[in-house]
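The lines below spell out each chain.
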Number of protein chains: 4
Amino acid sequence: MRLTKRTITILGGDKRSVYLAEMFKQDSYDVTTFGFDEEVHNCKRAENLQAAMDGAPILIGPLPFANKVGNLNAPLCNEKIAIDHIINEMKKDQILFGGHIEKKWMEKASKANVQIVDYFHDEALQVKNAIPTAEGTIQLVMEKLPTTIHGANIIVLGFGRIGKVLAHLFRQMGANVSVGARKSADFAWITQAGYRPIHISEMATIFQEMDVIVNTIPVQIVGMSKLVNIRKDALLIDVASHPGGIDLEAAKTLHVTPLQALGLPGKVAPKSAAKYMKETIENAMKKLEG
Amino acid sequence: MRLTKRTITILGGDKRSVYLAEMFKQDSYDVTTFGFDEEVHNCKRAENLQAAMDGAPILIGPLPFANKVGNLNAPLCNEKIAIDHIINEMKKDQILFGGHIEKKWMEKASKANVQIVDYFHDEALQVKNAIPTAEGTIQLVMEKLPTTIHGANIIVLGFGRIGKVLAHLFRQMGANVSVGARKSADFAWITQAGYRPIHISEMATIFQEMDVIVNTIPVQIVGMSKLVNIRKDALLIDVASHPGGIDLEAAKTLHVTPLQALGLPGKVAPKSAAKYMKETIENAMKKLEG
Amino acid sequence: MRLTKRTITILGGDKRSVYLAEMFKQDSYDVTTFGFDEEVHNCKRAENLQAAMDGAPILIGPLPFANKVGNLNAPLCNEKIAIDHIINEMKKDQILFGGHIEKKWMEKASKANVQIVDYFHDEALQVKNAIPTAEGTIQLVMEKLPTTIHGANIIVLGFGRIGKVLAHLFRQMGANVSVGARKSADFAWITQAGYRPIHISEMATIFQEMDVIVNTIPVQIVGMSKLVNIRKDALLIDVASHPGGIDLEAAKTLHVTPLQALGLPGKVAPKSAAKYMKETIENAMKKLEG
Amino acid sequence: MRLTKRTITILGGDKRSVYLAEMFKQDSYDVTTFGFDEEVHNCKRAENLQAAMDGAPILIGPLPFANKVGNLNAPLCNEKIAIDHIINEMKKDQILFGGHIEKKWMEKASKANVQIVDYFHDEALQVKNAIPTAEGTIQLVMEKLPTTIHGANIIVLGFGRIGKVLAHLFRQMGANVSVGARKSADFAWITQAGYRPIHISEMATIFQEMDVIVNTIPVQIVGMSKLVNIRKDALLIDVASHPGGIDLEAAKTLHVTPLQALGLPGKVAPKSAAKYMKETIENAMKKLEG
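Position numbers for residues start from 1 in each chain and track the written sequence from start to end. To label them, take the chains in the order written and letter them from A, then take the ligands in the order written and number them from 1. In keeping with the model being predicted, local features are shown solely for residues with a pLDDT of at least 70 and side-chain atom pairs are shown and tallied solely at 80 or more, while totals for entire chains, interfaces and linings include all residues. Here the side-chain values reflect all heavy atoms present in the structure, with hydrogen atoms and water set aside.

(A) A look at the overall build of chain A. Put simply, DSSP marks the helices as runs of H or I at least four residues long and the strands as runs of E at least two long, and each gets a number from the N terminus on. The number of helices and strands found in chain A is 12 helices and 12 strands. Projecting the C-alpha coordinates of chain A onto the three principal axes gives extents of approximately 60 × 40 × 35 Å. Working definition: with a 1.4 Å probe on protein chains only, accessible area under 20% of the residue-type maximum means buried, over 50% means exposed, and in between means partly exposed. Put simply, chain A has 290 residues, and 58% of those count as buried. Within chain A, contacts between residues separated by at least 24 positions form 56% of all contacts whose residues are at least 6 apart in sequence. Every accessible area reported is derived by Shrake-Rupley at a probe size of 1.4 Å, with residue values counting cover from the shown protein chains alone. On chain A, roughly 13,000 Å² of surface is accessible, and the fraction owed to carbon and sulfur atoms is 49%. Here chain A holds 34 positive side-chain charges and 31 negative ones, and the gap between their average locations is 3 Å. When checking whether two residues touch, look at their non-hydrogen atoms; a contact exists if any pair is within 4.5 Å. Only four residue types enter the charge count: Lys and Arg as positive, Asp and Glu as negative, with His and the chain ends excluded. For the purpose of locating charges, the reference atoms are NZ of Lys, CZ of Arg, CG of Asp and CD of Glu.

Next comes the structure, spelled out in structure tokens:
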């Protein structure tokens, strides 16, 4: 397929999608928007879904793609736009990009013989998103902690993408950083980076020293027996996606209130998040062009 | 003088003074407080000023010391406490510490033949305070900027204590940092640290590139002719103390709204700020003991 | 198996094996050495191979294990010690550790029904070794470059273990670091870390700017067409293992002399390298004990 | 004075002066050299001193300027060039730059009514030189230490220009850095930068832990009573200029051999050192032009 026509339609989404539309426009795309009550700077605004989709080879949906009741995630629009409706309107030569799309929509599109691509599966995007996630966590810590991050004792649980960027950023700001992990190769990297390595199975033994505990592991690892070791004046933050790594029932019993920090990139740096989405979608478009 | 009696009285102040009282108490001082409507954890609360001051070799006042109408700076207390009254009650063997004390109070104390010491003049304290000031500025930028600090173009005007710490912190977080200075030795340090050095006289030429401009110079250097070069979507922050370095009249004309960021240590990290105050006062006490 | 007897024999090796023997001794092991002309501090010295091996549950050979003619790698010993001979002497309840052991020795051991373990396959060891490899490369650059590393333009080709640590170290020292890679996720990490990402296919276009080019990719990627773009005063270093990534014939034609930098951990930091070997062997011992 | 004629003569010096001549030439100056047996690339070579000096408004001598017997410091030339002779040949409208010029030459020039300027007094030059000094020290440590700098325990004595850059560089490379100082403001900066602050009067108490001790204080502070606490396998390096900070007699008695590291910029990074000299001289020239 040749995407010679630099024409796209942005369908719904939050502030990121607004920035995304503006960025494509600045990059001399012909941009139509639908799913926003307000006009997006310099972009055309379609009157209805059909007009929005008609003649656009590329349709770009939001991240996440749908809400729980099957409508497009379009918080800046009062009208409800059913995903079913969108799929029904699609033509064979159109491509619809969306982020974090549930399996059922992929299957419906497949049955309808139209093409949907999930840009959220891109590893590079997830690495990029780790930066605003880490900065958003830092901001949260700054708001809640009565001391500076400089000199604070902080443990990051998990050494995946977000754990790596978060540990790095805390240390760059002068915190004493410990990292909880399990694998010996991770331990070697943790030591190389200058953090104190802690085996996950022994983390509770040092919780008492910690001013801040940030979990990034999406499996429940901080249960009652660990929670009791956390100081009353310590901050406990969970950035792992649902259901997170902290036993919320146990926490309630102990009067500990973990802060849930989800969807940070869209909240704290929507313009950066939009830029990453654009890069990812353009890469995907290049691949489709072959 | 021997301060063998570990007995102190904390007089007024904000959250920092509360933390300060608690810290002295934890350090097994006998602590009395006055000028707080609420009780301070574990500390004695004096019924009136005379009771508070009586028998305490060391009195510790807040930072800043007084408000504009001549009362002790005591925002957590409904009662008004006149500085004149405090000076009148002082005995010859007492020492009153305070921060940022106006000359007139020093003179009154001198006339009354009692001893007041300003702990704010301590260079080490000012260096320490540069850390929460920088973190507080980072927090402000995070709240206002729709992009990550990582990758942002930021210029710091001035390379004194706060400029140094601020440029360092922005760079540690992955920003592209420029520093505006005048002296060739500063330029050499700026280059050593890896920032882009900009002569203050030429700063306006690069304002167009900047996402964030932070002034630390307490002399008006950003006037109309410079302000016109600042992008509409750029953040302009002044952390220099009154009157700051930005021409506010010119800014208003241009619909630019500089953010004033003053007294950050007490706001964003009161517990750290209290710790620094305690270290400074204890050093001063050691020197007085000889 | 229970390794309750803390008794080991160190067989041959370079300075690392000497440090290794000393470290096990300090850790209250009973240590016998063989394959060193000089006595190792505080350790027993066996008269012959049989005496060295007799009664020791654990035998520790060098890294690399053998030389080209089938003898133990024992540069500090004049006597030749055949690997065949060692395997023949082994008992069923002994374990021989060695590093980088050729397949044929593993097969011979298997046939003889004795147990050989290659500690070099451990990922954590390889991560640890990346640190002295990077420091050794820095030392080489310092010796050869007439400028400081601070401010130098340096490209690291490849973003595996060594590429990551090397790029980090150069940047920590103030160099302007570019990294050549191919994968989009690597590009995201490279950008996150603050390096300039360069696609391997386009690296030649920026060779002209580079003061130092370090290859870490063990596949020939720097051939004639790329070499012609390298400045005469630039340093070209290959740390990739044989055959390296630089076309040596083409380099000779162009009068460019790439520096080969191999086996750096043993050369520049034998004591650290020994420490890593000890940690790896002890982990392996723990696993064997179950 | 107007230095419109971009004509200079380089008189003697080491490799730095050769690079300096080449850099001025590249910068389209008309460059004559004298005091080098070999020809300098692209530059004119004067037959004798008179020819070298004749008609050049700017004469640039080496750093340091003179040797002990009163000749120009010209290690790359067999001929001896007396400073007296140079001063005698000078015209009133010429300026001679030199580095680290003894007072007696300044006085002689003054009497002869000719103008000599010492570029070594420039603070910016000294800051710049701290970088190659620190890198040269790192190189020395790398050559001598059997472990990596990463993870090593290192103390830097003194927190002036070189102490600051050195502590920074060691820490950037992953060492555990302590800094010995006296002033409370220095302590605050040392803590801000993340080093462990040690009062100079107590440094001996932690010498036992140290793998590397680097002195930067040009006053004898490491005497017998401190030297006895240094481990036999520790590295002791003095980068302070003559007489340095270590009691060499006491060291000899204890069989400790401090490494003297002097004049590092010219040795390890002559091209960078030449660049700094050029920047300094050009600044001085601009000021003279007014």
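(B) Summary view of the interface of chain B and chain A. Contact residues are listed per partner, giving 24 residues for chain B and 24 residues for chain A. Think of a salt bridge as a Lys or Arg side-chain nitrogen and an Asp or Glu carboxyl oxygen that are within 4 Å of each other. A salt bridge links D233 of chain A to K271 of chain B, with the nearest nitrogen and oxygen atoms 3.7 Å apart. Whenever a nitrogen or oxygen atom comes within 3.5 Å of another N or O atom, the pair is scored as a polar contact, on the condition that within protein one atom can donate a hydrogen and the other can accept it, and that pairs from neighbouring residues in sequence are kept only if both atoms are in side chains. One can count nine residue pairs in polar contact (both at pLDDT 80 or more) joining chain B with chain A. Those elements that provide at least two residues to the side of chain B that touches chain A are α5 (123-144), α6 (161-172) and α12 (270-289) of chain B. Take the side of chain B that touches chain A: its biggest share by element is seven residues, from α5 of chain B. In the scheme used here, Gly and all other residues not listed as nonpolar or charged are polar, with Ala, Val, Leu, Ile, Met, Phe, Trp, Tyr, Cys and Pro taken as nonpolar and Asp, Glu, Lys and Arg as charged. Residues belonging to the side of chain B that touches chain A are distributed by class as follows: 14 nonpolar, six polar and four charged.

(C) Quick peek at a positive patch on the surface. Among the surface-exposed residues, R161, K164 and K183 of chain A together with R161, K164 and K183 of chain C lie close enough to one another that they form a single positively charged patch. Contributing elements (two or more residues each) for the positive patch: α6 (161-172) of chain A together with α6 (161-172) of chain C. Mapping K183 of chain C onto the fold places it in the loop between β8 (176-181) and α7 (184-192). Residue class for K183 of chain C comes out exposed when judged on its relative accessible area of 56%. Patches in this entry comprise residues that are over 30% relatively accessible and not in a salt bridge; like charges within 9 Å are linked, as are nonpolar side chains (Val, Leu, Ile, Met, Phe, Trp, Tyr) within 5 Å.

(D) Spatial organisation of the side chain of N73 of chain D. Along the chain, the position of N73 of chain D falls in the loop between β4 (58-60) and α3 (83-89). Apart from residues lying up to four places away in sequence, N73 of chain D is in contact with G12, G13, P62, L63, P64, F65, A66 and N67 of chain D.

(E) Broad picture of the environment of D93 of chain C. All names here are of chain C. Here D93 lies in the loop between α3 (83-89) and β5 (95-98). Judged by relative accessible area, which is 56%, D93 ranks as exposed. Separated by 35 residues in sequence, D93 and I58 place their C-alpha atoms 9.1 Å apart.

(F) Representation of the relation of the copies chain B and chain A. For the match of chain B to chain A, the screw axis carries a shift of 0.0 Å, the RMSD comes to 0.0 Å, and the turn is 180°. Classification of the inter-copy transformation places it as that of a two-fold axis. Among all residues of chain B, the minimum C-alpha distance to the rotation axis is found for Q172 of chain B, at 2.7 Å. By residue overlap, the copies meet face to face through one surface: 100% of the interface positions of chain B are interface positions in chain A. Least-squares superposition aligns the copies on the C-alpha atoms of those residues with pLDDT at or above 70 in both.

(G) How the structure looks around the sheet that holds strand β4 (residues 58-60) of chain C. All names here are of chain C. The criterion for strand pairing is that DSSP finds at least two bridges linking the strands in question. Taking strand neighbours across the sheet as the criterion, the six strands line up as β3-β2-β1-β4-β5-β6 in an open arrangement whose pairing is parallel. On the outer flanks of this sheet lie β3 (44-45) and β6 (115-118), each paired with one strand and no other. Of the strand pairs in this sheet, strand β1 (residues 7-11) and β4 are connected by three bridges, and their pairing is parallel. Bridge pairing in β4 places I8 opposite I58. Between N-to-C directions, angles span 0 to 180 degrees; the directions come from axes that are lines fitted to C-alpha atoms, helices contributing only their stretch in contact. Its contacts with the sheet put helix α12 (residues 270-289) on β4, β5 and β6, and the angle it makes with β5 is roughly 150°.

(H) Representation of the UniProt feature "domain: D-isomer specific 2-hydroxyacid dehydrogenase NAD-binding" (unreviewed entry) in chain A within the structure. Taking the numbering used here, the UniProt-annotated feature "domain: D-isomer specific 2-hydroxyacid dehydrogenase NAD-binding" (unreviewed entry) corresponds to residues 145-240 of chain A. For residues 145-240 of chain A, helix accounts for 30% and strand for 24%, while the C-alpha atoms at its two ends are 20 Å apart. UniProt positions are given in the numbering used here, feature names are shortened, and annotations may be inferred rather than shown by experiment.

(I) Layout of the environment of K108 of chain B. Residues and elements named next belong to chain B. Looking at the secondary structure, you find K108 in helix α4 (residues 103-111). Residue classification places K108 among the partly exposed positions, given a relative accessible area of 39%. Leaving out residues up to four positions away in the same chain, K108 has contacts with D84 and I87.

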